[in-house]
There are 2 protein chains.
Amino acid sequence: MSKTALPLDLPLLADDLHRVEEELRASVVTEDPFLTEVARNLIVAGGKRLRPVLSLAAAYLGVGTASQNVVRGGVAVELVHLGSLYHDDVMDESATRRGQPTANARFGNFAAIVAGDFCLAVSAQIAASLGVEVSGLLGYTIGELCKGQVAELQSLFRLDRAEEAYFRSINGKTASLMSAAARVGAITSGLATEQIEALTVYGQRVGMVFQIVDDILDIVSTDEQLGKPAGNDLVEGVYTLPVLRAFRDPEVGEELRGMLGAPIERSLVDQLRKLIRASDGVEQAVGVARGFADEAVSALGVFPDSAVRTELAGFGHSLLDHLPA
Amino acid sequence: MSKTALPLDLPLLADDLHRVEEELRASVVTEDPFLTEVARNLIVAGGKRLRPVLSLAAAYLGVGTASQNVVRGGVAVELVHLGSLYHDDVMDESATRRGQPTANARFGNFAAIVAGDFCLAVSAQIAASLGVEVSGLLGYTIGELCKGQVAELQSLFRLDRAEEAYFRSINGKTASLMSAAARVGAITSGLATEQIEALTVYGQRVGMVFQIVDDILDIVSTDEQLGKPAGNDLVEGVYTLPVLRAFRDPEVGEELRGMLGAPIERSLVDQLRKLIRASDGVEQAVGVARGFADEAVSALGVFPDSAVRTELAGFGHSLLDHLPA
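Every value quoted in this text rests on a predicted model; they were computed, and no experiment measured them. Numbering of residues starts from 1 in every chain and runs along the sequence as written. Lettering for chains starts from A, numbering for ligands starts from 1, and both go in the order in which the items are written. Local features in this predicted model are restricted to residues whose pLDDT is 70 or higher, and side-chain atom pairs enter the listing and the counts only when it is 80 or higher, whereas totals over whole chains, interfaces and linings include all residues. Hydrogens and water are ignored here; the side-chain numbers use all heavy atoms of the structure.

Asks: I'd like a description of the overall build of chain A, backed by residues and values.
Replies: The helix and strand inventory of chain A stands at 15 helices and 2 strands. Here the globule rule is a power law, 2.2 Å times the number of residues to the power 0.38, and the radius of gyration is based on C-alpha atoms. For 325 residues, the compact-globule formula gives about 20 Å, and the C-alpha radius of gyration of chain A, at 20 Å, lands near that figure. Principal-axis analysis of the C-alpha atoms places the extent of chain A at approximately 55 × 50 × 30 Å. Three exposure classes are used, based on accessible area relative to the maximum for each residue type with a 1.4 Å probe and protein chains only: buried under 20%, partly exposed in between, and exposed over 50%. Buried residues in chain A amount to 60% of all 325 residues. Residues count as neighbours in contact if any of their non-hydrogen atoms are within 4.5 Å of one another. Restricting the contact set of chain A to residue pairs at least 6 apart, pairs at least 24 apart contribute 75%. As displayed, chain A offers around 12400 Å² of accessible surface, 50% of which is attributable to carbon and sulfur atoms. For this count, His and the chain ends are skipped, Lys and Arg are scored as positive, and Asp and Glu as negative. Charge placement uses NZ in Lys and CZ in Arg. For Asp and Glu, CG and CD serve respectively. Both charge centroids of chain A, one from 28 positive and one from 43 negative side chains, sit 1 Å from each other. Only DSSP runs of H or I with at least four residues qualify as helices, and only runs of E with at least two residues qualify as strands; both kinds are numbered from the N terminus onward. The Shrake-Rupley method, run with a 1.4 Å probe sphere, supplies the accessible areas, and residue values consider only the shown protein chains as cover.

What follows is the structure in structure tokens.
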């Protein structure tokens, strides 16, 4: 999967996505050029803007257009995502993201933490202008992000990590904000309650697919395809669904568990990834993700058939179809 | 000044302050015991709860009582303060606060950053339940906090730090949130616009006094009085109002500037503090703070005379009167 192209082909969103990008860049401009520069570090590095795309697509699905409030809702959601990435990069001591030096690498931890807080602050201001429902939702979702991160932290290097704990963690880390993105698009478009709930479920399910695919790519991709060292999750002690399933494989499970459970040398990563690929862990993880993709399709059943619905319905499965063979 | 007693004698707030404390402790309880423990680390360490006190006092001044919404507003403001302290301690690599090990020292930077984000998230949820005005205000104020911190960062070790930059920085870092605290109390009590604005100004001005006093204490207090090493601002390169004024002193200014402007050995701190105290820097800073305290008194003029008004009006000046001789 390319890091920039999105397997969601909705050319009718292009103009609105351009508006999102402009609003996003303008949102963090302050009278302080330094703060502006740090807070834009990650914005100008680009990104798929998947969350605003979900907000816009929800609006198009429901009312056939995206109002200025939908655009601003997408910006507010993306700012939560960016704020969490600033903090992630400090927590993980990452030097690059999206091929660019991170804010912590360029400007130090102090500036990077403040930039993350500032993104959250600007997001909260935009959310307030969209009403208490959006404000409350984003506050709730940031809390879910925190819970997901802490859950992951506690599971590091644990061979006995329960799948349920994995699902809770990726729901908090990823699916909750994608769900919120779709929900914000629905709320700011004035959709009916049933439609809002359907899009909330849809966003959550494609978020689960998205994260499981990300976790599978760490096992099956090359460094080049990934744009970062593959197998990084194994090094960091994050045992994801394909790995947890491989642990149970009668052929390789025991050997794999023997090699993991504690920090490893990076030189072991290729061998470990090969072992996991020799198991049926990846295939099983794909199967689980297909289940979530199916539920995403079902959720959209409350909407009449349309080109937008077809494209959204296909999103989860297309993420899985684009996995390297 | 003791670190726990507050020179604001309002016994009628005691019950409400107890409610604030209970709500505060309950607000960060989650299904994850670890997250709960990290997020409560700073809460259980105690604190003056000055910001909720301002919210409650604003309510008593305006309507003679504090509703549940005022209590919850005070909690939301205090959570912003606590969230920023979690992040401050990571940024400053602090090992203790309020005499207790910091979250970063106990649980690592990862958990401490998440705990700070979580406090902001819970605050945003409470704020949303109080309406868009409170939500927007807190989002705005977190942005001001960030601006104040970045402004300070850029001025470190600068002998040519402008006083205006100092005032902007302490407004963002401290006064903006104390202003928001009073404003939230006024808004959630349904006060008239004129009264809301008056309390907003009042909170800002006492916030300026509070921070200038804090900056003076770094020069005039002992380690014991302060509960932390005195002169820390000098070591960190934060040149505050008494120091900026001492730079201009004809007797000691030149010597002082010669010794500062770059990182120093901690062993030089006593000599530096003595030099500053030999100047009229502290006295001038007290004079500037008195000006802010006077403006705080004036702002309350829109309210009829009452015991609460007298106590609030005296707050700024009493902070200055409690400075060590």
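Asks: Give a detailed account of helix H6 (residues 132-155) of chain B, specifying residues and quantitative values.
Replies: All names here are of chain B. One fewer than the residue count of a helix, multiplied by 1.5 Å, yields its expected span. Between its first and last C-alpha atoms H6 spans 35 Å; for 24 residues at 1.5 Å apiece the expected length is 34 Å, and the two agree. For H6, the buried fraction is high: 18 of the 24 residues fall into the buried class. Just downstream of H6 lies Phe157, where phi reads positive at about 65°.

Asks: Account for the relation of the copies chain B and chain A, naming residues and giving values.
Replies: Turning one copy of the chain about an axis and sliding it along that axis gives the other copy, so a rotation and a shift relate them. The copies were overlaid by least squares, fitting only the C-alpha atoms of residues that reach a pLDDT of 70 or more in each copy. The operation relating chain B to chain A is a screw motion whose rotation component is 180°, with 0.0 Å of axial translation and a residual RMSD of 0.0 Å. Each copy turns onto its partner about a two-fold axis. Closest approach to the rotation axis within chain B is made by the C-alpha atom of B:Val132, at a distance of 2.8 Å. Interface overlap between copies: 100% of the residues of chain B at the interface are likewise at the interface in chain A, consistent with a symmetric, same-surface contact.

Asks: Report on the pattern of salt bridges, specifying residues and quantitative values.
Replies: Residue and element names in this part refer to chain A. By definition here, a salt bridge exists when the distance from a side-chain nitrogen of Lys or Arg to a carboxyl oxygen of Asp or Glu is within 4 Å. Per the stated rule, a full pass over the model turns up 34 salt bridges over all chains. Two residues, Arg183 and Glu197, come together in a salt bridge whose shortest N-O distance is 3.3 Å. Residue Arg183 is located in helix H7 (residues 163-188), and its partner Glu197 is located in helix H8 (residues 193-220); the two are separated by 14 residues in the primary sequence.

Asks: Run through the side chain of B:Thr188, naming residues and quoting values.
Replies: Residue and element names in this part refer to chain B. With respect to the helices and strands, the residue Thr188 is situated in helix H7 (residues 163-188). Given the relative accessible area of 16%, Thr188 is considered buried. At 2.6 Å, the side chain of Thr188 and the backbone oxygen of Val184 are in polar contact. In terms of polar contacts, Thr188 uses its side chain to reach the backbone carbonyl oxygen of Gly185, at 3.4 Å. Residues in contact with Thr188, not counting those within four places in the same chain, are Ser67, Asn69, Val70, Leu130 and Val134. Counting of polar contacts relies on pairs of N or O atoms within 3.5 Å, with two restrictions inside protein: one atom must be capable of donating a hydrogen and the other of accepting it, and residues adjacent in sequence are counted only when both atoms are side-chain atoms.

Asks: Can you lay out the nonpolar core for me, pointing to particular residues and giving the numbers?
Replies: Throughout this description, the term nonpolar core refers to a set of buried Ala, Val, Leu, Ile, Met, Phe, Trp, Tyr and Cys residues connected via side-chain atoms within 4.5 Å. If you look at the biggest cluster of nonpolar residues, it comprises 240 residues, and the most contacted ones within it are A:Ile212 and B:Ile212. It is helix H5 (residues 103-129) of chain A that provides the largest number of residues to this core, a total of 15 residues. In contact with B:Ile212, not counting residues within four places along its chain, are B:Tyr166, B:Phe167, B:Ile170, B:Leu241, B:Ala285, B:Val288, B:Ala289 and B:Phe292.

Asks: Describe the interface of chain B and chain A, listing the residues and the values that go with them.
Replies: In this complex, chain B contributes 35 residues to the contact, which on the side of chain A involves 35 residues. Among the residues of chain B in contact with chain A, B:Met91, B:Phe110 and B:Lys147 are the three that bury the most area, contributing 18% of the side total. The closest approach of N and O atoms between B:Lys147 and A:Glu31, which form a salt bridge, is 3.7 Å. Our enumeration of links across chain B and chain A arrives at 4 residue pairs in polar contact (both at pLDDT 80 or more). Residue contributions to the side of chain B that touches chain A peak at 14 residues, all from H6(B). For the side of chain B that touches chain A, the class distribution of residues is 20 nonpolar, 10 polar and 5 charged. Using a 1.4 Å probe, buried area is obtained as the accessible area two parts lose upon being combined, added over both of them. Following the grouping adopted for this structure description, the nonpolar residues are Ala, Val, Leu, Ile, Met, Phe, Trp, Tyr, Cys and Pro, the charged ones are Asp, Glu, Lys and Arg, and the polar ones are all others, Gly among them.

Asks: Requested: an account of the environment of B:Asp117, with residues and values cited.
Replies: Relative to the elements of secondary structure, B:Asp117 occurs in helix H5 (residues 103-129). The sequence separation of B:Asp117 and B:Asp15 amounts to 102 residues, and the corresponding C-alpha distance is 29 Å.

Asks: An account of unusual backbone geometry is requested, with residue identities and associated values reported.
Replies: Residue and element names in this part refer to chain B. Here the phi dihedral of Arg49 falls at roughly 55°; this positive angle occurs in a residue that is not glycine. With respect to the helices, strands and loops of the structure, Arg49 is situated in the loop between helix H2 (33-44) and helix H3 (50-63). In this structure, Phe157 is a non-glycine residue whose phi angle is positive, near 65°. Structurally, the position occupied by Phe157 is in the loop between H6 and H7.

Asks: So, the packing of helix H4 (residues 68-91) of chain A against H7(A): which residues are in play, and what are the values?
Replies: All names here are of chain A. Look at H4 against H7: their axes get within 8 Å of each other, and the N-to-C directions meet at 160°. The angle between the axes of H4 and H7 places the two elements in the roughly antiparallel class. Remark: the crossing between H4 and H7 carries right-handed chirality. Contacts between H4 and H7 involve Asn69, Val70, Gly73, Val77, Val80 and His81 from the former and Leu177, Ala181, Val184, Gly185 and Thr188 from the latter. Looking at the contact of H4 with H7 residue by residue, the classes come out as 6 nonpolar, 5 polar and no charged. Axis definition: a line fitted to C-alpha atoms, limited for helices to the stretch in contact. Angles are taken between N-to-C directions and run from 0 to 180 degrees. Angle categories: roughly parallel below 35 degrees, roughly antiparallel above 145, roughly perpendicular from 65 to 115, and oblique for all the rest. Put simply, a crossing is left-handed when the front helix is turned counterclockwise from the back one by less than a right angle, and right-handed when it is turned clockwise.

Asks: Could you give an account of the packing of helix H3 (residues 50-63) of chain A against H7(A), naming the residues involved and the relevant values?
Replies: Residue and element names in this part refer to chain A. Two elements in contact, H3 and H7, have axes separated by 7 Å at closest approach and are oriented at 35°. Note on packing geometry: the crossing formed by H3 with H7 is right-handed. Contacts between H3 and H7 involve Leu50, Arg51, Leu54, Ser55, Ala58 and Ala59 on the former and, on the latter, Leu177, Met178, Ala181, Ala182, Gly185 and Ala186. Here the residues of the contact of H3 with H7 sort into 9 nonpolar, 2 polar and 1 charged.

Asks: Let's hear about the environment of B:Gly227: which residues, and what values?
Replies: Tracing the backbone shows B:Gly227 in the loop between helix H9 (223-226) and helix H10 (232-236). As for B:Gly227 and B:Arg97, which are separated by 130 residues in sequence, their C-alpha atoms are 9.0 Å apart.

Asks: Which residues make up the state of the cysteines, and what values go with them?
Replies: Note on terminology: disulfide denotes any pair of cysteine sulfur atoms within 2.5 Å. A complete count under the given rule lists 0 disulfides over all chains for this structure. No disulfide involves A:Cys119; its nearest neighbouring cysteine sulfur is the one of B:Cys146, lying 8.9 Å away. Residue A:Cys119 is classed as buried on the basis of its relative accessible area, which comes to 0%.

Asks: Can you explain helix H15 (residues 307-321) of chain A? Please cite residues and give values.
Replies: All names here are of chain A. With 15 residues, H15 should reach 21 Å at 1.5 Å per residue; the first-to-last C-alpha distance of 20 Å fits that figure. Taken as a whole, H15 carries its principal kink of about 45° at Phe315. Val308, Leu312, Ala313, Phe315, Gly316, His317, Ser318, Leu319 and Leu320 are the residues of H15 that are buried. Taken together, the buried residues of H15 touch H3, H8 and helix H14 (281-299). Throughout, bend refers to the angle between the axes fitted to the seven residues that end at a position and the seven residues that start at it.

Asks: Can you explain the environment of B:Met178? Please cite residues and give values.
Replies: All names here are of chain B. For Met178, the location among the structural elements is in helix H7. Considered as a pair, Met178 and Val238 are 60 residues apart in the sequence and their alpha carbons are 21 Å apart. Not counting residues up to four positions away in its chain, the partners in contact with Met178 are Leu50, Arg51, Leu54, Gly203, Val206, Gly207 and Phe210.

So far we have only geometry, and geometry alone does not tell us how the molecule works.
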